[in-house]
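In case you want the letters, here they are:
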Amino acid sequence: MEDAILPFVGFHVSLIITALGFGLKYSERNRLYGIRTSYTLASDENWKYVHAKATKPTVIAGLAGIVVFASSYWIESLRSETAFWVVFAVQIGTLISTAFIRRPVEK
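To start, this report covers the structure provided alongside it. Throughout, a residue's number is its position along its own chain's written sequence, starting from 1. Predicted model: local features are reported for residues with pLDDT of at least 70 only, side-chain atom pairs are reported and counted for 80 or more only, and whole-chain, interface and lining totals are derived from all residues. Heavy atoms from the whole structure form the basis of all side-chain values; hydrogens and water molecules are not counted.

Attention now moves to the nonpolar core. Buried residues of nine kinds, namely Ala, Val, Leu, Ile, Met, Phe, Trp, Tyr and Cys, make up a nonpolar core once their side-chain atoms join them within 4.5 Å. To sort residues, take the accessible area from a 1.4 Å probe on protein chains only and compare it with the maximum for the residue type: under 20% means buried, over 50% means exposed, and anything in between is partly exposed. Within the largest apolar cluster, six residues are counted, these being L24, I35, Y39, V50, A54 and I101. Once you skip the residues sitting within four places of it in the chain, I35 turns out to touch T40, W47, V50, H51, A54, T98 and A99. Working rule for contacts: check all heavy atoms of both residues, and any pair within 4.5 Å makes them a contact.

Right, let's get into the packing of helix 1 (residues 5-24) against helix 3 (residues 44-71). Structural elements are reduced to axes, namely lines fitted to C-alpha atoms, with helices fitted over the stretch in contact, and the angle between N-to-C directions of any two is expressed from 0 to 180 degrees. Numbering of helices and strands starts at the N terminus; helices are DSSP runs of H or I of at least 4 residues and strands are runs of E of at least 2. Where helix 1 meets helix 3, the axes come as close as 7 Å, and the angle between the chain directions of the two elements is 160°. Classified by the interaxial angle, the pair formed by helix 1 and helix 3 is roughly antiparallel. The handedness of the crossing between helix 1 and helix 3 comes out as left-handed. Here L6, P7, G10, F11, S14, L15, I17, T18, G21, F22 and L24 of helix 1 come into contact with helix 3, specifically with H51, A54, T55, T58, V59, G62, L63, G65, I66, F69 and A70. In the scheme used here, Gly and all other residues not listed as nonpolar or charged are polar, with Ala, Val, Leu, Ile, Met, Phe, Trp, Tyr, Cys and Pro taken as nonpolar and Asp, Glu, Lys and Arg as charged. Class assignment of the residues belonging to the contact of helix 1 with helix 3 gives a composition of 13 nonpolar, nine polar and no charged. For this classification, under 35 degrees means roughly parallel, over 145 means roughly antiparallel, 65 to 115 means roughly perpendicular, and everything else is oblique. In this scheme, a crossing is called left-handed if the near helix is turned counterclockwise away from the far one by less than a right angle; it is called right-handed if the turn is clockwise.

Our focus in this paragraph is the pattern of salt bridges. What counts as a salt bridge is simple: a side-chain nitrogen of Lys or Arg found within 4 Å of a carboxyl oxygen of Asp or Glu. Counted under the stated rule, the structure contains one salt bridge. Note that D44 and R29 form a salt bridge whose closest N and O atoms lie 2.8 Å from each other. With a gap of 15 residues between them, D44 in helix 3 and R29 in the loop between helix 1 and helix 2 (38-42) connect regions that are remote in the sequence. The partly exposed category is assigned to R29, whose relative accessible area is 36%.

All right, on to a nonpolar patch on the surface then. Taken together, the side chains of I5, F8, V9, Y73, W74 and I75 make up a nonpolar region of the molecular surface, amounting to roughly 660 Å² of accessible area. Structurally, V9 can be placed in helix 1. Given a relative accessible area of 36%, V9 falls into the partly exposed group. Patch building starts from residues that exceed 30% relative accessible area and form no salt bridge, then joins like charges within 9 Å and nonpolar side chains (Val, Leu, Ile, Met, Phe, Trp, Tyr) within 5 Å. Each accessible area is a Shrake-Rupley result for a 1.4 Å probe, and residues are judged covered by the shown protein chains and nothing else.

Okay, structure coming up:
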């Protein structure tokens, strides 16, 4: 029974990350949801640009987690705690890296 807890939690957290990723490009500038940095909160254009660029990697990271954790019910090696933390490290790294997206400076 204990082997099924990590894939269960990982699958559902990955679903949440995927759903949040799909919602990023549709969000308006606010202080509650989205990538809230001083750069994105400075203007609507910055907010829209960063969130449009962050949507794809966030959704891909979430879907990758869904695939890995759903597969873990058939592939026993994916049920390990190591696989759980590796997938989450990739997902968290993706979410953190989206905070560094900037619009190219036009010359």
